[in-house]
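# Secondary and tertiary structure notes
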Amino acid sequence: MKLTRKLVTGLVASLALAGAVVLVPGLTRPATAASLVEVTAFGDNPGGMRMHVYVPDNRPANPAIVVAMHGCGGSGPGFYSSSEFASLANQYGFIVIYPTATQQAGFGNCFDTWSDAAKRRGGGSDPVSIMSMITYVQRQYGGDPDRVYATGSSSGGMMTNQMLALYPDVFRAGAAFMGVPFACFANAADFPPGTSRCTGGSMDRTPQQWGDAVRQAYPGYTGPRPRVQLWHGTNDTLVPYQLLQEEIEQWTNVFGLSQTPTSTDTPQPGWNRRRYADASGTVQVEAYSIQGAGHSLPAGGMAAAAVAFFGLTDRPTTPPTSTPPTSTPPTSTPPTSTPPTSTPPVGGACSASYRQVNSWPGGFQGEVTVRAGTSAINGWTVGISVPGGISISQLWNGVLSGSGSSYTVRNASWNGSLAANGSTVFGFIASGTPATPTLTCTSP
C-alpha cells in the first residue's frame, strides 16, 4: 500500500484559506469574531508544532475543549476548513484546538506516534506539545479541565489513541477515525504505511498485549479511563480495516470488557455500530464500520456523532440527523454467536474455527482462528466452503484464492510457523447473508 498525497489534497488545498487565519503572537489576546487564531507561544513545544484555536462567540464561562487533529500531509487550518468541528463548536459552545504536526517520517506533517518519547507520559515530542496547547486554552479562555476531548483522522486518529493512553486523567473521551492501536508502530522506520508492519496487514496481538501497552504508558494509574469511539471504512486499504478490530481489542481489554458487544445497530445506512457497555450500562467503547468507505473519514455527519458521544450535545438523538445517546445502549438484537466449526488437530495437523465478528444488511465480517495440534507446524492452508450467494471480497493476515462457493486461504509469510497448540487469526469481509462456512485445515 502507498501513502499518497491525494488522500489529503482537500486538507492541503484548504491552506489557501489562510487569509481567514489571525496570527496571535504569544499570549497577546484571545480569539475574536469566531475566527481561527494561531498562537505562536503556547508553552513547552518539543514537537515543534503549530497551534490554531477556534473559540465560538457564544460559549459558557468554562467551555469544553476538543483537540481535532489532521491526517499526514494536512494542517490545523486544513482540518478546520475540511471538517465540521468548528460549525459544531458554534452550535454547542466548545473550543476547538487544531494542532499542526511538523514531523516528517518520510512524509509531511505526520503526528509522532512512533518514537519512544511519544509513547511515554511526559516523554516529549508531539504529545507534550499538545498538552501545552490544552493548558494554554484552559488558562486563556477558562477551558473546563473536566471536559477535554480528542479526535482526529488517520495520523490524527492515531494520535487520538496516543493521547488517551498517555493522559487518561486529562481526557474524558476520544473519537479516532481511521486510526491504529496505541503502540502499533515500533519506531520511525516502521511508520511509513508502505513498509510498516503495523499497517501492512500483519499486526495481530492479543487483547491482553494491546491492553498492557496502554497500561504501561502510565504505570500505576488506577483512575477512570476516557471512553473511546472508533471509526473505520471497510474498504480502507491505506490503514487496513482489520486494525479496527485490534483497536477494539485494546480498549475493551483496558476497560475489562468482553470482546462480544453488548449491542449492535445501524444508526444510519451503511453505519454498523458495535457498543461495549460496562455493568452499569455505560458505553465505554463503541466502534463504527462504514460500509464501502475508503480512507476518507470523517464525513457525512460523523463529526456530529463524535461530539454527541462526547456528551456535548443536549438534543434528542434520532438518526439520521443526529446520533444515539451515550449513557444507555439502545435496545437492539445482539450479534448472534456463531458456533465455531473446526477440524480437530491430529499430531502436527491444524484446526480452523470460525467466529462471526460483525454483520450488516448485505454483508458480514468473519474471523478464523488457525491452531496447531500437538506438534509445531510450518505452513497451513484453510479451505472455506460457503453457501451460494456469499462472496469473500477482502481478506487480511493470509493469501486468498478461489471464487464462488469455494475459497482457499494460505498463510502469509510471517504467520505460517506455529508452535504446538499455537494459533493465529485471519479475517475477511463477505457480501451476502451471514452463514457459518465449512472449514478444513491442512498443514504440510
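Our subject is the structure that appears above.
This report concerns the structure included in the present document. (Residues numbered from 1 in each chain as written. Predicted model: local features only at pLDDT ≥ 70, side-chain atom pairs only at ≥ 80, totals over all residues. Heavy atoms only, no water.)

Turning next to the side chain of Glu249. Relative to the assigned elements, Glu249 resides in helix 7 (residues 242-255). The buried charged residue Glu249 lacks any salt bridge partner; its closest oppositely charged side chain belongs to Arg355, at an N-O distance of 5.2 Å. Every residue in contact with Glu249, bar those within four places of it in the chain, is listed here: Arg205, Thr206, Pro207, Trp210 and Gln259. (Helix = DSSP H or I, 4+ residues; strand = E, 2+ residues; numbered from the N terminus. Buried < 20%, exposed > 50% of the residue type's maximum accessible area, 1.4 Å probe, protein only. Lys, Arg positive; Asp, Glu negative; His and termini not counted. Salt bridge = Lys/Arg side-chain N within 4 Å of Asp/Glu carboxyl O. Contact = heavy atoms within 4.5 Å.)

A few words now on the layout of surface pockets. Of the voids in this model, the largest pocket is the one considered here, and its volume is about 450 Å³. As for the largest pocket, its lining consists of 24 residues, and the residues nearest its centre are Asp204, Arg205, Thr206, Thr424 and Val425. Put simply, the parts of the chain that give the lining of the largest pocket at least two residues each are helix 6 (207-217), helix 7, strand 13 (363-372) and strand 20 (423-431). In terms of residue count, strand 20 provides more of the lining of the largest pocket than any other element does, five residues in total. Classifying every residue of the lining of the largest pocket by side-chain character gives six nonpolar, 11 polar and seven charged. (1 Å grid on protein atoms, 1.4 Å probe; cavity = no way out; pocket = protein on both sides within 12 Å on 5 of 7 lines; lining within 4 Å. Points joined across faces, edges and corners; volume = space filled by probe spheres on them. Nonpolar A, V, L, I, M, F, W, Y, C, P; charged D, E, K, R; others polar.)

One open sheet holds the four strands; their spatial order is 12-13-20-16, and the pairing between them is antiparallel. Among the strands making up the open sheet, the edge pair consists of strand 12 (350-360) and strand 16 (391-396). On average, adjacent strands in this sheet sit at an angle of 25° to one another, irrespective of strand direction. Pairing geometry for strand 16 and strand 20, over five bridges, is antiparallel. Across the sheet, residue Leu395 finds its bridge partner in strand 20, namely Phe428. (Pairing = 2+ DSSP bridges. Axes fitted to C-alpha atoms, helices over the stretch in contact; angles between N-to-C directions.)

Applying the stated criterion to the full structure yields two cavities of 30 Å³ or more. For the second largest cavity, the calculated volume is near 30 Å³. What lines the second largest cavity is Thr113, Met158, Gln162, Val180, Pro181, Phe182, Ala183, Cys184 and Phe185. Here the residues of the lining of the second largest cavity are counted per class, giving seven nonpolar, two polar and no charged.

We now examine the state of the cysteines. Under the counting rule described, the total for this entry stands at three disulfides. One disulfide bridge connects Cys72 with Cys110, the sulfur atoms lying 2.1 Å from each other. When the S-S torsion is 130°, as for the bridge of Cys72 with Cys110, the disulfide is right-handed. Placement of the pair is Cys72 in the loop between strand 4 (65-69) and helix 2 (76-82) and Cys110 in the loop between strand 5 (95-100) and helix 4 (125-141), with a sequence separation of 38 residues. (Disulfide = S-S within 2.5 Å.)

What follows deals with the packing of aromatic side chains. Tallying each qualifying case throughout the model produces 15 aromatic pairs. Centre to centre, the rings of Tyr354 and Phe428 are 6.1 Å apart; their planes meet at 20°, and the pair counts as stacked. You can see Tyr354 sitting in strand 12 and its partner Phe428 sitting in strand 20, a full 74 residues away along the chain. Each member of the pair, Tyr354 as well as Phe428, carries the same accessibility label: buried. With centroids separated by 5.8 Å and ring planes inclined at 10°, the aromatic side chains of Trp380 and Phe426 adopt a geometry described as stacked. Taken together, the residues span a long stretch of sequence, with Trp380 in the loop between strand 14 (377-378) and strand 15 (381-385) and Phe426 in strand 20 at a distance of 46 residues. Residue classification places Trp380 among the buried positions, given a relative accessible area of 1%. Ring pairs connect the aromatic residues Phe177, Trp231, Trp271 and Tyr288, which therefore count as one cluster. For the cation-ring pair, Arg121 lies above Tyr218, with the distance from its terminal atom to the ring centre recorded as 3.9 Å. The side chain of Arg205 reaches across the aromatic face of Trp210, ending 4.6 Å from its centre. (Phe/Tyr/Trp six-rings, centres within 6.5 Å; stacked < 30°, edge-to-face > 60°. Lys NZ or Arg CZ within 6 Å of the ring centre and 35° of its normal.)

Relative orientation of the contacting elements helix 4 and helix 5 (residues 155-166) amounts to 75°, with a least axis distance of 11 Å. With respect to each other, helix 4 and helix 5 are oriented roughly perpendicular. Contacts between helix 4 and helix 5 pair Asp126, Pro127, Ile130 and Met131 from the former with Met159, Gln162, Met163 and Leu166 from the latter. Of the residues in the contact of helix 4 with helix 5, the class split is six nonpolar, one polar and one charged. (Parallel < 35°, antiparallel > 145°, perpendicular 65-115°, else oblique.)

With 17 residues, helix 4 extends 25 Å from end C-alpha to end C-alpha; this agrees with the ideal 24 Å at 1.5 Å per step. Where helix 4 ends, the next residue or the one after it, Gly142, has phi of about 70°, a positive value. (Expected span 1.5 Å × (residues − 1).)

Attention shifts here to the environment of Gln103. Along the polypeptide, Gln103 turns up in the loop between strand 5 and helix 4. Among the residues examined, Gln103 registers a relative accessible area of 22% and is labelled partly exposed. Each C-alpha atom of the pair Gln103 and Cys72 lies 9.3 Å from the other, and the pair is 31 residues apart in sequence. What Gln103 contacts, discounting residues up to four positions off in sequence, is Gly47, Gly108, Asn109, Cys110, Asp112, Trp114, Ser125 and Asp126.

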